[in-house]
Amino acid sequence: VLQAAEELGYRPNLVARNLAERRTRTLGVLVSDLHNPFFAVILDAMQSAARERGLRILMGSGRRDSGEEAEVLESFLQQDVEGVVLLSPVVSRDDLARAAESVPTVVTGTTDIRVPHCDVIISDDQVAGELVVGHLLELGHTRIAYIDAQSGPGAGERRAGYLGAMERHGLEPAIAAGEFTEDGGYRGGRELLAQPALPT
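Residues numbered from 1 in each chain as written. Predicted model: local features only at pLDDT ≥ 70, side-chain atom pairs only at ≥ 80, totals over all residues. Heavy atoms only, no water.

Novice: Which residues make up the overall build of the chain, and what are the values?
Specialist: Scanning the chain for helices and strands turns up eight helices and seven strands. In the chain, which comprises 200 residues, the proportion classed as buried is 32%. Sequence-distant contacts, at least 24 apart, represent 52% of the contacts inside the chain between residues at least 6 apart. As displayed, the chain has an accessible area near 12800 Å², and 53% of this comes from carbon and sulfur atoms. (Helix = DSSP H or I, 4+ residues; strand = E, 2+ residues; numbered from the N terminus. Buried < 20%, exposed > 50% of the residue type's maximum accessible area, 1.4 Å probe, protein only. Contact = heavy atoms within 4.5 Å. Areas by Shrake-Rupley, 256 points an atom, 1.4 Å probe, with all protein chains shown as cover.)

Structure follows, in structure tokens:
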């Protein structure tokens, strides 16, 4: 049978199988920004974990627009995904709540959106900011600047960690405006270079 299927170029009909099993074995993953390499690392790990469990990933991006993210979420639900993962979303609370009522839903990368039946996975960004300053001090650096993502997910907590650590060590902070993009980092770096030199 397998040989005949191969010779005929037969491929299983996933839609028919899904209907018979009442399962799609698919997870919807919403990525807020495809240009951020941070998400590529997460997606790679998710792909491996999903494959080990016999699942596939269906990916979409809302390009950090709440309306587009809502459309992607709705598309996932219409395709009967078995779960949804949102990476640093900006989708509205109502749209997220509707998804969480339908399928298991996980949000990571932001604490701004909390709704019932939705799990949230976050890191302690304030501690992270403090640890970065501590690490640079251990390497002998004392002129430590910070490019601030301003309103981005976790940005306020990271800024607080940076400022707190700098104050504890008696160091003058230097902050430039930026955002969670390469272009934002570039602009922030240029702004820092244009500032007067920090005291040594």
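Novice: Lay out the pairing of strand β1 (residues 26-31) in plain terms, naming residues and giving numbers.
Specialist: Most of β1 is tucked away: five of the six residues are buried. Two elements, β1 and strand β2 (residues 56-61), share six bridges in a ladder whose sense is parallel. In the strand pairing of β2, Val 31 is matched with Ser 61. What joins β1 to β2 is helix α3 (residues 37-52), and the crossover it makes is right-handed. (Pairing = 2+ DSSP bridges. Right-handed = clockwise from strand over helix to strand, strands pointing away.)

Novice: Any chance you could break down unusual backbone geometry for me, citing the residues and the numbers?
Specialist: For Arg 25, which is not glycine, the phi torsion reads 50 degrees and is therefore positive. Relative to the helices and strands, Arg 25 is located in the loop between α2 (14-21) and β1. Its relative accessible area of 25% is what places Arg 25 among the partly exposed residues. Even without a glycine there, the phi angle at Ser 88 is positive, about 50 degrees. Its location among the elements puts Ser 88 in the loop between β3 (83-87) and α5 (93-102). Judged by relative accessible area, which is 7%, Ser 88 ranks as buried.

Novice: Got a sec to walk through the sheet that holds β2? Specific residues and values, please.
Specialist: Spatially, the five strands line up as an open sheet ordered β2-β1-β3-β4-β5, and their pairing is parallel. Looking along the sheet, the strands with just one partner apiece sit at the ends: β2 and β5 (118-121). Within this sheet the neighbouring strands show an average axis-to-axis angle of 20 degrees, counted without direction. The pairing of β3 with strand β4 (residues 105-108) spans four bridges and is parallel. By the bridge assignment, Leu 86 is partnered in β4 with Val 107. (Axes fitted to C-alpha atoms, helices over the stretch in contact; angles between N-to-C directions.)

Novice: Mind laying out the pattern of salt bridges, listing which residues take part and the relevant values?
Specialist: Across all of its chains, the model carries seven salt bridges by this definition. Two residues, Glu 52 and Arg 53, come together in a salt bridge whose shortest N-O distance is 3.7 Å. Each member of the pair Glu 52 and Arg 53 is classed as exposed. With a closest N to O distance of 2.4 Å, Asp 183 and Arg 187 form a salt bridge. With a gap of four residues between them, Asp 183 and Arg 187 both fall in helix α8 (residues 182-194), about one helical turn apart. Residue classification places Asp 183 among the partly exposed positions, given a relative accessible area of 45%. Taken together, the shared-partner salt bridges connect Glu 179, Asp 183 and Arg 187 into one network. (Salt bridge = Lys/Arg side-chain N within 4 Å of Asp/Glu carboxyl O.)

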